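# Fold and contact review
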Amino acid sequence: MARAFLFVLDSFGVGGARDADAYGDLGSNTLGHIAEFCASGAADRTGLRHGPLTLPNMSRLGLLDIARLASGEDPAGMPRPERIFGLHGAANEVSRGKDTPSGHWEIAGTPVTFDWGYFPSEGDAFSPELVEAICAEGDVPGILGNCHASGTEIIARLGQEHIRTGKPICYTSSDSVLQIAAHEVHFGLERLMALSQTVRRLVDPLNIGRVIARPFVGERFESFERTGNRRDFSVPPPEPTLLDRAVDAGRTVHAIGKIGDIFAHQGVSRVVKANGNAALMAATLEAVDTGADGDLVFTNFVDFDQLYGHRRDVAGYAAALEAFDRQLPEVHRRLRPGDLVVLTADHGCDPTWRGTDHTRERVPIMAFGPGIRSRDIGLRPTYADIGESVAAHLGLPAGSHGWSFL
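This section reports on the structure supplied with the text.

Rules and cut-offs
Residues numbered from 1 in each chain as written. Predicted model: local features only at pLDDT ≥ 70, side-chain atom pairs only at ≥ 80, totals over all residues. Heavy atoms only, no water. Helix = DSSP H or I, 4+ residues; strand = E, 2+ residues; numbered from the N terminus. Expected span 1.5 Å × (residues − 1). Polar contact = N/O pair within 3.5 Å; in protein donor to acceptor, adjacent residues only side chain to side chain. Buried < 20%, exposed > 50% of the residue type's maximum accessible area, 1.4 Å probe, protein only. Lys, Arg positive; Asp, Glu negative; His and termini not counted. Salt bridge = Lys/Arg side-chain N within 4 Å of Asp/Glu carboxyl O. Contact = heavy atoms within 4.5 Å. Core = buried A, V, L, I, M, F, W, Y, C linked by side-chain atoms within 4.5 Å. Phe/Tyr/Trp six-rings, centres within 6.5 Å; stacked < 30°, edge-to-face > 60°. Pairing = 2+ DSSP bridges. Axes fitted to C-alpha atoms, helices over the stretch in contact; angles between N-to-C directions. Parallel < 35°, antiparallel > 145°, perpendicular 65-115°, else oblique. Nonpolar A, V, L, I, M, F, W, Y, C, P; charged D, E, K, R; others polar.

For helix α12 (residues 314-333), built from 20 residues, the straight-helix expectation of 28 Å at 1.5 Å per residue is met to within 8% by its first-to-last C-alpha distance of 30 Å. Between the side-chain oxygen of the N-cap and the backbone nitrogen of A315 there are 3.5 Å, and the N-cap of α12 in question is D313.

Following this line, the structure appears as structure tokens:
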């Protein structure tokens, strides 16, 4: 029986979204701008990387053709391969917003057709009534932050006051999200998770997509560091997804990284947590080795977005892409007859763009495996085509959105 491996390179957009202007992102292009910076030497960093962006394996999977299809431009400084293997194309997002749940749910066959709730971008992010409820029901003496902020910046700025007062740091972004940062030791990890669950309930009437617990360690601003114990408390998808269909058919769905949280643990058989792309790839390779016939392995590679996109670190993003690319032959070597691997993304996060938020972009589709012939699948109208293709490969019932490209 066939197996499927769905890899989301979190935020690896390829530009060209037809509605980018509506999101203030016209001209954003995560791949294109990283390649441009690398080709000009602006992404050289001693001890990390230098020169043009080097992604030979993804290039052989059609990445350069994908870039031209999505944005009309070849990535600067990247040579064309002699041959292309597997299926390659790009997809438009039809979901409202440009955040993690919308992208992942649409990939899994369930676009978001409603509007998320958002917090104000100016002044206090959270109303006095919400703050009062958080303090009363969460049993905290107050909150710090109450604004739009970068997570690393606000922890550096308010971390010591948080330790001194016991007040959690609460902030948001342009996404539908309320984030809570607290010290693992001084505040307590279990207490942070309990508070986040309480806040999840409090913001449900506001239609907020996620409450994210952001634990950190360290004693002073220069040593504060977020840990791998992050957890996302998401609302459940509005209808059954590819994951639900797989579980209903008796298949095992392996959710690696933050996939379980994104889907509110619906349609998930096995959760594997790992901190960082290297550990996520190690867990994925283990699933490739041990997964049974009919399994679906769904991995989110979070570092591209969390460590490099939001922090506008072009060199770091480029180095992470190159490291991921070097590991793809190991994935290929471990595949069995009947296996399908799909590489894609959930949105963009152009590290050269203004601000620190996601960018509305098309996403790549690269699919390969034994018996998968090379061809251009073109520009797909929705990410849901990805989920429908995986469903068709696994012999699962078709969903209500999207069409298989197999």
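After presenting the structure, the write-up continues.
Considering the arrangement of structural elements, one finds R362 in the loop between β12 (339-344) and β13 (363-368). Although R362 lies buried, it forms no salt bridge, and the closest oppositely charged side chain, D19, sits 7.8 Å away as judged by the N-O distance. Only 2.9 Å separates the side chain of R362 from the backbone oxygen of A70, close enough to count as a polar contact. Those residues within four positions of R362 in sequence are excluded, and the remaining contacts are G13, V14, G15, G16, A17, R18, L69, A70, A91, N92 and L379.

Counting residues in each nonpolar core, the largest one holds 84 residues, and the members touching the most others are M58, F324 and L343. The element contributing the most residues to this core is α12, with 9 residues. Among residues more than four places away in sequence, those in contact with F324 are F7, L9, M58, M281, F301, F304 and L343. Ranked by size, the runner-up nonpolar core spans 25 residues in total, among them F119, F126, I134 and L192.

A few words on the packing of aromatic side chains. For the structure on display, the rule yields 9 aromatic pairs. Both rings, one in W105 and one in W116, keep their centres 5.6 Å apart while their planes meet at 50°; by these two values the pair is tilted. Here the residue W105 occupies a position in helix α4 (residues 100-107), and W116 occupies one in the loop between α4 and α5 (128-138), the gap between them amounting to 11 residues. The burial state of W105 is the same as that of W116; both residues are buried. Seen from their ring centres, F263 and F298 are 5.8 Å apart, and the 50° between their planes marks the pair as tilted. Residue F263 is located in the loop between α9 (259-262) and β10 (270-272), and its partner F298 is located in strand β11 (residues 296-301); the two are separated by 35 residues in the primary sequence. When its relative accessible area of 0% is taken as the criterion, F298 is described as buried.

So, about the sheet that holds β11. Ordered in space as β10-β9-β11-β1-β12-β13-β2-β14, the 8 strands form an open sheet in which the pairing is mixed. With partners counted over all chains shown, the strands left at the sheet margins are β10 and β14 (375-380), one partner each. With direction set aside, neighbouring strand axes in the sheet form an average angle of 15°. Taken together, the 3 bridges between strand β9 (residues 253-256) and β10 define a ladder with parallel strand orientation. Bridge pairing in β10 links H254 to R270.

All right, on to the environment of D325 then. Following the sequence through the fold, D325 ends up in helix α12. Overall, the relative accessible area of 1% leaves D325 in the buried class. Counting along the chain gives 316 residues from D325 to L9, while the straight-line C-alpha distance between them is 11 Å. Those residues in contact with D325 that sit more than four places away from it in its chain are L55, P56, N57 and M58.

Burial runs high along strand β5 (residues 177-183): 7 of the 7 residues are buried. Here β5 shows two buried faces, one formed by V177, Q179, A181 and H183 and the other by L178, I180 and A182. Bridge analysis of strand β4 (residues 169-172) against β5 gives 3 bridges, and the strand direction is antiparallel. The residue of β5 that forms the bridge with Y171 is Q179. Relative to strand β6 (residues 210-217), β5 runs parallel, the two sharing 7 bridges.

Here we come to the packing of helix α1 (residues 30-39) against α12. Contact geometry of α1 with α12 gives a least axis separation of 10 Å together with a crossing angle of 105°. Our classification of the angle between α1 and α12 gives roughly perpendicular. The segment α1 lies against α12, with T30, I34, F37 and C38 engaging V314, Y317, A318 and L321. Class assignment for the residues of the contact of α1 with α12 results in 7 nonpolar, 1 polar and no charged.

The phi torsion at S11 lies on the positive side, around 85°, for a residue other than glycine. Tracing the backbone through its elements, the reader meets S11 in the loop between β1 (3-9) and α1. What makes S11 buried here is its relative accessible area of 0%. Phi at N146 is positive, roughly 55°, even though this residue is not glycine. Tracing the backbone shows N146 in strand β3 (residues 144-148).

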